Amino acid sequence: MFSKKKDYVEIPAQEREAIIEKSSKQVSRGVFYSTIIIITSFLPVFMLTGQEGKLFHPLAYTKTFILIVDAFLVITLGPVMISLFMRGKFKNEKANPLTRTLEKIYEPIIRGCIKWKKTTIGINLLALAVSIPLMISLGSEFMPPLDEQSILFMPVTLPDISNSEIKRILQVQDKIIKSVPEVDKVLGKAGRASTPTDNSPLSMIETIIMLKPKSEWRKGITKKDIVNELDAKLQIPGVVNGWTQPIINRINMLATGIRTDVGVKVHGSNLDTIYAVTEHVKKIMEDVPGVKDIYVEPITGGKYLVIDIDREKIGRFGVSIQEINELVETAIGGTSLANTIEGRQRFSINVRLPQDYRNSVDRLKRIPILTKSSGTIPLSSVAEIKFQNGPPMISSDNAMLRGAVLFNVRDRDLGSTVKEAIEKVNSSLSELPAGYYIEWSGQYENLIRGKQTLMIIAPVVLLIIFLSLYLAFKSIREAFLSLITIPFALIGGAYIIYFYGVHLSVAVAVGFIALFGIAVETGVVMVIYLNDAMQQLVTLKGNSRETITTEDLREYVIAGAAKRLRPKLMTVCVALFGLIPVLWSTGVGSDVMQPIVLPMIGGVLTSSTHILLVTPLIFLMTKEYELRKFGKIEIHENVH
């Protein structure tokens, strides 16, 4: 049809529409089911719960709805748009220099792979085998840490610290923090806010550190370096430093009750016993690499002012217990006398003794009591006044008293750090008192939940993909041929996240789930064209081993793989071009997006290599087996 002098030809409208109809029928079934596979492979993301579910459900909804519309348009609007825009003169595919060059490179390679079958398969299996220890050696974490572009400094001091001392420490710390060049603003708070959701004791300081834009930082310094520098400068006796970020800290506290990355909860019935166990656990874990900012949540050491009334003495002076209680309440705690209204605001008017008359035990002992029979007497005449130790704050879980050992994880992945800590604690803490038990909480609790969910999701994804492939090809053999691209997609995903130093997390798992659909889609396109080549062979030579030789099978498989190279490469490139720009992003959220994208990029590269080189080889071996055993090859007609 094409002239030797010209690389284009004009096709009549009727013939053009017939060609478009035939081509659409050839690929529509495979492309439609490829889209369905991508949709269904992503549906198990909806099984994620908790923080990971809230984070990835919008992504799953968006992708699902877009691809549902896409699957519908592929078989309806697509052919119509092609018929409208594909008009005029058509160039021969070989006239495209890029296609011609790629075919010249690809064809000798695929011939070499077919010639050296065992070597080709062996190299692929070796690469797959190497990726397994790489995956095993990777660390694990719940979610990649999101850079909030701010730091939350949460030091803890002694529970009986005074108001004036905590104020002094707070001011000193803020001044030291502000001396670091990368720090823009510092806002510190001690004690609790006027809300029941903030259970912070006076001994816990919260300081939000706002950082300057990264362009103003010292050359080569990172956020981790800033935290390490601040931690070294803020070594104050009696203060245990803690470093986190504002948002993740609030999420952790609300979700698990733990304000650090990980916490070891000790449950029991006696606070002194719980405290002894938590101190022992802390000593065991202090030497575990990666454990930072470790401290025991104070459940003893609080100071309580006890006024023990002597009933015999108050009887002699003619004073009642109620009168003593009212006096103590008014003098020390304060009594509300009235309310004042200023505009829309209402304020209570309280009265109590001045600070100078109640700032020590000796002064409290001299609080005067007016009696009917003996005149004015000091409070110490009828009561013993002393300070007594007690719990600064009582925490409970599941109706049981609870203490905790809190720590952050830095310079190591969370999964292996906690795993090593658990092993050390289990081996050293052989027995606990009856009725006491420990529980690992915080981000590790979320990590375990995410792992358990993903263990269910992975088989579901593979089953859904296999059923979709079977519906597409009506053949278990062809479905399996497309499905084996998944392990080879894992090769690239494993290699790239290993060399990027990314830990396994829910984000990485979601990236692999999305990769499965993309890898299978490219494999489906290859199998469609290989089946088309077999139909052409049978049409030309019949379907019998008397008429079809092994050489014929090889040449037509090579033709099916090489002659339609452009649409296969386009399928791969569309996925890559949409993903690679994420690697260059540096804004907020990029550190969460990159672990999702990395396995997809690496997996698409290795799966496409496998599809272009190994899938035709396995397809050829399958057809040679069919021809040898059954005397003919199995042909899959396009049914519409």
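Below, the structure is looked at part by part. (Residues numbered from 1 in each chain as written. Predicted model: local features only at pLDDT ≥ 70, side-chain atom pairs only at ≥ 80, totals over all residues. Heavy atoms only, no water.)

## Looking at a nonpolar patch on the surface
Taken together, the side chains of V69, F72, L73, L77, V80, M81, L84 and F85 define a hydrophobic patch exposed on the protein surface, amounting to about 750 Å² of accessible area. Mapped by element, the contributors of at least two residues to the nonpolar patch are α2 (50-75) and α3 (77-85). Among the elements that line the nonpolar patch, the one with the most residues is α3, at 5 residues. Relative to the helices and strands, V80 is located in helix α3. (Patch = residues over 30% accessible without salt bridge, like charges linked within 9 Å, V, L, I, M, F, W, Y side chains within 5 Å. Areas by Shrake-Rupley, 256 points an atom, 1.4 Å probe, with all protein chains shown as cover. Salt bridge = Lys/Arg side-chain N within 4 Å of Asp/Glu carboxyl O. Helix = DSSP H or I, 4+ residues; strand = E, 2+ residues; numbered from the N terminus.)

## A look at the side chain of K265
Along the chain, the position of K265 falls in strand β7 (residues 262-268). Classification of K265 as buried rests on a relative accessible area of 7%. If near-sequence neighbours (up to four positions away) are discounted, K265 is found in contact with T256, I258, D397, R402, G403, A404, Y437, I438, E439 and S441. (Buried < 20%, exposed > 50% of the residue type's maximum accessible area, 1.4 Å probe, protein only. Contact = heavy atoms within 4.5 Å.)

## Description of the pattern of salt bridges
Overall, the coordinates contain 22 salt bridges when judged by the stated rule. Here D147 makes a salt bridge to K223, at a shortest N to O gap of 2.8 Å. One end of the pair, D147, is in the loop between α5 (117-137) and β3 (150-153); the other, K223, is in helix α7 (residues 223-233), with 76 residues separating them in the sequence. The same class applies to D147 as to K223, namely buried. Across the pair R250 and E206 runs a salt bridge, and its minimum N-O distance is 2.8 Å. With a gap of 44 residues between them, R250 in helix α8 (residues 246-256) and E206 in strand β5 (residues 205-211) connect regions that are remote in the sequence. Three or more residues joined by partner-sharing salt bridges are found here, namely R259, K265, E297, D397 and R402.

## What to know about unusual backbone geometry
Even without being glycine, Q149 reaches a positive phi, approximately 60°. Secondary-structure assignment places Q149 in the loop between α5 and β3. The partly exposed category is assigned to Q149, whose relative accessible area is 41%.

## A short note on the nonpolar core
Residues F56, Y106, M285, F407, W440, I465 and L469 are the most contacted members of the largest nonpolar core, which totals 106 residues. For this core, the leading source of residues is helix α17 (residues 506-541), giving 22 residues. I309, V328, A331 and I369 belong to the second-largest nonpolar core, a separate cluster that totals 15 residues. (Core = buried A, V, L, I, M, F, W, Y, C linked by side-chain atoms within 4.5 Å.)

## Details of the pairing of strand β11 (residues 345-351)
One ladder, built from 7 bridges, connects strand β10 (residues 335-342) with β11; its direction is antiparallel. Residue pairing for β11: A338 is matched across the bridge by I349. Between β10 and β11, which follow one another and run antiparallel, lie 2 residues, and G343 among them has a positive phi close to 65°. (Pairing = 2+ DSSP bridges.)

## Quick notes on the pairing of strand β13 (residues 375-378)
Across 4 bridges, the pairing between strand β12 (residues 368-371) and β13 is antiparallel. For P368, the partnering residue across the bridge sits in β13 and is P378. The turn joining β12 and β13, which pair antiparallel and follow one another in sequence, is formed by 3 residues.

## A few points about the sheet that holds β3
One open sheet accounts for 4 strands, arranged β4-β5-β3-β6; its pairing is antiparallel. A single partner strand is all that each edge strand has here, and the edge strands are β4 (183-190) and β6 (243-244). Across 2 bridges, β3 lies against β6 in antiparallel orientation. Looking at the pairing, F153 lines up with W243 of β6. Packed onto the sheet, α7 meets β3, β5 and β6 and runs at close to 30° relative to β3. Contacts from α8 reach β3, β5 and β6, with the element oriented near 50° to β3. (Axes fitted to C-alpha atoms, helices over the stretch in contact; angles between N-to-C directions.)

## Structural notes on α5
Given 3.6 residues per turn, any residue in an α-helix points the same way as the ones three and four places further on. With 21 residues, α5 extends 31 Å between its outermost C-alpha atoms, agreeing within 8% with the 30 Å of an ideal straight helix rising 1.5 Å per residue. Residues of α5 that are buried: T120, N124, S131 and L134. Axial view of α5: buried residues confined to an arc of 80°, hence all on one face. In α5, the exposed residues that point more than 90 degrees away from the buried face are K118, L126 and I136. Buried residues along α5 sit in contact with α4 (97-115), α16 (485-499) and α20 (590-630). (Expected span 1.5 Å × (residues − 1). Arc of directions from axis to C-beta.)

## So, the environment of T330
By the secondary structure assignment, T330 is in helix α11 (residues 321-333). For T330, a relative accessible area of 32% translates into the label partly exposed. Through-space distance from the C-alpha of T330 to that of V351 is 7.0 Å; in sequence the pair is 21 residues apart. Apart from residues lying up to four places away in sequence, T330 is in contact with T335, V351, R352 and L353. One polar contact links T330 to T335, side chain to side chain, over a distance of 2.8 Å. (Polar contact = N/O pair within 3.5 Å; in protein donor to acceptor, adjacent residues only side chain to side chain.)

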